[in-house]
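As a plain string of letters, each chain reads:
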Amino acid sequence: MDILGNLVLGFSVAVTPIHLLYALIGVLLGTLIGVLPGVGPVATIAMLLPITFKLSPVAALIMLAGIYYGAQYGGSTTAILVNLPGESSSVVTCLDGYQMARRGRAGPALAVAALGSFFAGCVATLIIATAAPPLAELALKFGPWEYFSLMVLGLIAATVLAHGSLIKAIAMVVLGLLLGLVGTDVNSGVLRFTFDIPELADGFGFAVVAMGMFGIAEIITNLELKDKREVFTSKVTHLYPTKEDFKRSWGAVLRGTALGSFLGILPGGGALLSSFASYTLEKKVSSHPEEFGKGAIEGVAGPESANNAGAQTSFIPMLTLGIPGNAVMALMIGALMIQGIAPGPQVMNDKPELFWGLIASMWVGNLMLVILNLPLIGMWIKLLTVPYRYLYPSILVFMAIGVYSLSNNPFDVLVMALFGLLGYICVKLDCEPAPMILGFILGPLMEEHLRRAMLLARGDATMFLTKPISAGFLIAAVLLLLMVALPAIRKKREEAFQEAD
Amino acid sequence: MRIKSPKDFWAGLMFIAFGLAAMIIALMNYQFGTSVRMGPGYFPAVLGGLMVFLGTVITATSLAIEGPKVPRLNFRPLLLVLTACVAYGYLIKPAGLVVATIALVFVSALGGHEFKWKEVSVLALLLIVFSVVVFVKGLTLPFPLWPEVFE
Amino acid sequence: MKRLAVLLAFALAVPAALAQAWPSKPIRLVVPYPPGGPVDISARLLAPKLQESLGQPVLVENKPGAGGNIGADHVAKSGPDGYALLMGAIATHAINPTLYPKIPYDAINDFRHVALVVQVPNVLVVGNAVPAKSVAELVALARAQPGKLDFASGSTGSTGHLAGELFKQMTGTYMVHIPYKGAAPAVADLIGGRVDLIFDNLASALPNIKSGKVRALAVTTKRRSGFLPELPTLDEAGLKGFDLTTWWGVMAPAKTPPPIIDRLALEIAKAMESPEVKDRLRAMGSDAPAVRTPEQFTAFVANELKVYAELVKRSGATVE
């Protein structure tokens, strides 16, 4: 088999001491910046770029890739421990991971996140090794119609993220969509809702919104509690997952891996959906959906696996077509280009040691991350025993530095505070922020794809239904809507009847 | 008429306000276009309308179905935490990381349940050392440490 | 009176002394875009070399926003002491002044243009489903079916968009402009056959041209590119005078003392001659720019500003 030979070649490259060292540096650094909110992989990789010039292309790419998926692992840690999503992928992890942490189950949450991610990483690596070119071809079948319909499906799924009122969840999605529109309109270049503030021309930054809505709002709500009760229970029952935890998680990990691997291939915003999609799926297939949002371990296991699988398979369009699916991939292309290598279909043939070495190193890096993360859990748990009056000013310092460093502009910190206020109001009114965040991410994409689709089809809206992939997504969206709406309506009617009695 | 579910009532009003604002701004300032060539106002106006509708439904239901009360608001942590963050952002360039961190830690600590000078000072010191080592030295972020006049 | 004289002498001496001691503290090189783009990467290529020769840290600082205007404005209003520099680009100094109705700085008078660092041609690329094999055939195709062809671009008001508008105008054809958020998704749709052509940056288009996923028809510069020497220019293909490039370079606030500007220009020129920087800039698709002195750079920017003012107005693109 050819693939076996290639993998052998890859591993012979990846396990040389020097490459192992760079993979280790990469994942360590990635974990560090992942844990620190705001400082993301994009800024870090950009800063390290000059250093990579002195390395061989393989070593450089291995290190940068290590930072990328290291940051994914690290990001879930902050989400679980202190409810801070620094990246769009970890928003979902906050929902149940943080609730688990508050109940003294941070250990199992962190362990399941790491193990699920590792499993997903292994599978995704295999997928890249065996099927990268045909999958890239599949990704190319996705045009604006397919993406738009996928986004519609994603938005319907967003309402499942909330565990409270359905109609409020929908309203929050729409609020997110509107907030996502702030900034320069892609089609006309018109500045919308910017109120002549130049900083708003590029819209609100994701990290700024998410950290305000989740992190700051959470801190304020905690400080309000009248008694000095600690936020985290000091009674930690298990450091590692129990048999029951594993039993509940493995299905979620499998489904999450499958979803994430597929969505990660799509460069037009698919990867963003993976963790959200997985959460929705888990909540819908679960026999106890009422536990979601209150610390259900499946709500951590599924999305974390999905997000790591997606992070890995998003290398496919970059490696096979030279098309970056996200900012990190664009940077890697930049890094390769200044090494004199133009990423694209020919890399696999011209530089097999680079292509297969990178793939093998992904697996090695994931292994390192699991080995690194499992013992760290003990340390993280200790962190939660720090009294909250020390913990929250520290969290605020890290958030402020991180957000300021995004564009070295105090304006971002101001906006974060404003979203903190909005988040606080939403908490008080039982409006959950997660659906809003998904709306915020998808809003601009959805509009962009819709308008491009209409422009390309010269106004023929039927193309959404005549294109098979697009039609499939829309049908799935309608089914999901029915599944979501029917129980909610029935419940509302029961409530209303009880009122009348 | 009685508000049976205050949380939903206010939430609904909030959505109506956001939706109306979006719709009015969009319709007044941005081209609406046609469905073929959607203008920049099309999407926000439609979404704003949808939001007004949803808000109205939520508010209307809140008059019919009993629900939880809005909990009492406590403005002290809210104001102090938000002020602390904003102060940090506006202090870091002119006054440097040290001053900005001290300001953030002290102001936010005032928002907590207890405030002990000694504890907070030690915490601020630790956070300054950590920030300098990790962010300024380690990640080489371009932050000044001290106020500009001393540079 | 004596005191006044001393004060006057002091005031006169300060700029000279400042220049002599320069640099005595870290220099900030502001990139008006988020980290990771080509402008950012080339700034980070240059910074360590300058740091070596100037003996002070050169820190790259990203100040993105409003198409680069925020970072450019920040440097324009910074102290003219040689410690705040800008990686100014075609967007901030040639296109935006016309594209944006209100712009807080003057691209010519608020800056000293120190050194042009990168100049990359665009390439006219068509998808494989498009039958045209040459510029002439493409023009014929566009004339035969007006409004049928779609041309993609990385954003409204980008060089790719404006090149397309200029192409339409010079050939008297009508094609529909499809804007994207960045060139990458546009190229994906080009390979997927959903759009027909794009005027893409040479460096990013090269791999897919070489692998045959898309076809290059011409370069947008007057000179052929060293990377694809067999590819004709649009000028040769009949669009006389078609000459567009994407460029960026180091700039300083207008009142920066001339000795500092000269020193900087010298050190940047030296850095760009060093093999490691030179090879990497070349790998980004940049042939060595013909603009070499600060004066030439200012003249170059002034000319670009004029060209794009015309182009932006005629294309009808605007940011309101």
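The shown structure was predicted, so the numbers you read here are calculated from the model rather than taken from an experiment.

Quick notes on helix α2 (residues 38-54) of chain C
Link 1 in the chain: With 17 residues, α2(C) should cover 24 Å at 1.5 Å per step; its first-to-last C-alpha distance of 24 Å lies within 8% of that length.
Link 2 in the chain: Immediately downstream of α2(C), the backbone of G55(C) shows phi near 75°, a positive value.

As for the interface of chain A and chain B
Link 1 in the chain: With 56 residues of chain A at the interface, the matching set in chain B holds 60 residues.
Link 2 in the chain: Residue assignment for the side of chain A that touches chain B shows that the elements contributing at least two residues are α3 (41-52), α8 (166-181), α9 (206-224), α17 (388-407), α18 (410-428), α19 (433-456) and α21 (468-500) of chain A.
Link 3 in the chain: Per-element tally for the side of chain A that touches chain B: the top contributor is α17(A), with 11 residues.
Link 4 in the chain: Among the residues making up the side of chain A that touches chain B, the classes are represented as 36 nonpolar, 7 polar and 13 charged.

Things to note about the pairing of strand β4 (residues 111-127) of chain C
All names here are of chain C.
Link 1 in the chain: Most of β4 sits inside the fold, with 17 of its 17 residues counted as buried.
Link 2 in the chain: The pairing of β4 with strand β7 (residues 197-201) spans 5 bridges and is antiparallel. Bridged to V126 within β7 is L197.
Link 3 in the chain: Here β4 pairs with strand β8 (residues 214-219) via 5 bridges, running antiparallel. Across the sheet, the residue bridging to G127 is V214, located in β8.

A look at α17(A)
All names here are of chain A.
Link 1 in the chain: Helix length check: α17 (20 residues) gives 30 Å between terminal C-alpha atoms against 28 Å at 1.5 Å per residue, within 8%.
Link 2 in the chain: Within α17, 18 of the 20 residues are buried, leaving the element largely enclosed by the surrounding structure.
Link 3 in the chain: Once α17 finishes, N408 follows within two positions and takes phi at roughly 50°, a positive value.

Considering the pairing of strand β5 (residues 150-153) of chain C
Residues and elements named next belong to chain C.
Link 1 in the chain: Burial along β5 is two-sided: the residues D150 and A152 and F151 and S153 are all buried.
Link 2 in the chain: Relative to strand β6 (residues 176-179), β5 is paired through 4 bridges, and the arrangement is parallel. Paired with A152 across the two strands is I178, which belongs to β6.
Link 3 in the chain: Note on the crossover from β5 through helix α6 (residues 159-171) to β6: the handedness is right-handed.

Description of the confidence of the model for chain B
Link 1 in the chain: Of all residues in chain B, 97% attain a pLDDT of 70 or more, and the chain-wide mean is 87.
Link 2 in the chain: In the predicted complex, the global pTM is 0.85; the interface-specific ipTM is 0.92.

Regarding the nonpolar core
Link 1 in the chain: Within the largest apolar cluster, 348 residues are counted, with the highest numbers of intra-cluster contacts made by M51(B) and C85(B).
Link 2 in the chain: The biggest single contributor to this core is helix α6 (residues 106-140) of chain A, with 20 residues.
Link 3 in the chain: The contact partners of C85(B), leaving out residues within four places of it in the chain, are L396(A), A400(A), V413(A), M416(A), A417(A) and L104(B).

As for unusual backbone geometry
Residue and element names in this part refer to chain A.
Link 1 in the chain: Its identity as a non-glycine residue notwithstanding, N83 has a phi of 65°, on the positive side.
Link 2 in the chain: Assignment of secondary structure puts N83 in the loop between α4 (57-82) and α5 (91-102).
Link 3 in the chain: In this structure, D430 is a non-glycine residue whose phi angle is positive, near 55°.
Link 4 in the chain: Here D430 is to be found in the loop between α18 and α19.
Link 5 in the chain: The exposure class assigned to D430 is partly exposed, which follows from the 17 C-beta atoms found within 10 Å.

Description of the packing of helix α4 (residues 90-99) of chain C against helix α11 (residues 294-315) of chain C
Residue and element names in this part refer to chain C.
Link 1 in the chain: Relative orientation of the contacting elements α4 and α11 amounts to 40°, with a least axis distance of 8 Å. When the interaxial angle is binned, α4 and α11 end up oblique. Taken as a pair, α4 and α11 cross one another with a handedness that is right-handed. Along the contact surface, α4 presents I90, H93, A94, I95, P97, T98 and L99, while α11 presents V301, E304, L305, Y308, A309, V312 and K313.
Link 2 in the chain: For the contact of α4 with α11, the class distribution of residues is 10 nonpolar, 2 polar and 2 charged.

The rules behind each value
Residues numbered from 1 in each chain as written. Chains lettered and ligands numbered in written order. Predicted model: local features only at pLDDT ≥ 70, side-chain atom pairs only at ≥ 80, totals over all residues. Helix = DSSP H or I, 4+ residues; strand = E, 2+ residues; numbered from the N terminus. Expected span 1.5 Å × (residues − 1). Contact = placed C-beta atoms within 7 Å. Nonpolar A, V, L, I, M, F, W, Y, C, P; charged D, E, K, R; others polar. Buried ≥ 20, exposed ≤ 12 C-beta atoms within 10 Å, placed from the backbone. Pairing = 2+ DSSP bridges. Right-handed = clockwise from strand over helix to strand, strands pointing away. pLDDT = per-residue confidence, 0-100. Core = buried A, V, L, I, M, F, W, Y, C linked by C-beta atoms within 7 Å. Axes fitted to C-alpha atoms, helices over the stretch in contact; angles between N-to-C directions. Parallel < 35°, antiparallel > 145°, perpendicular 65-115°, else oblique. Left-handed = near helix turned anticlockwise from the far one by under 90°.

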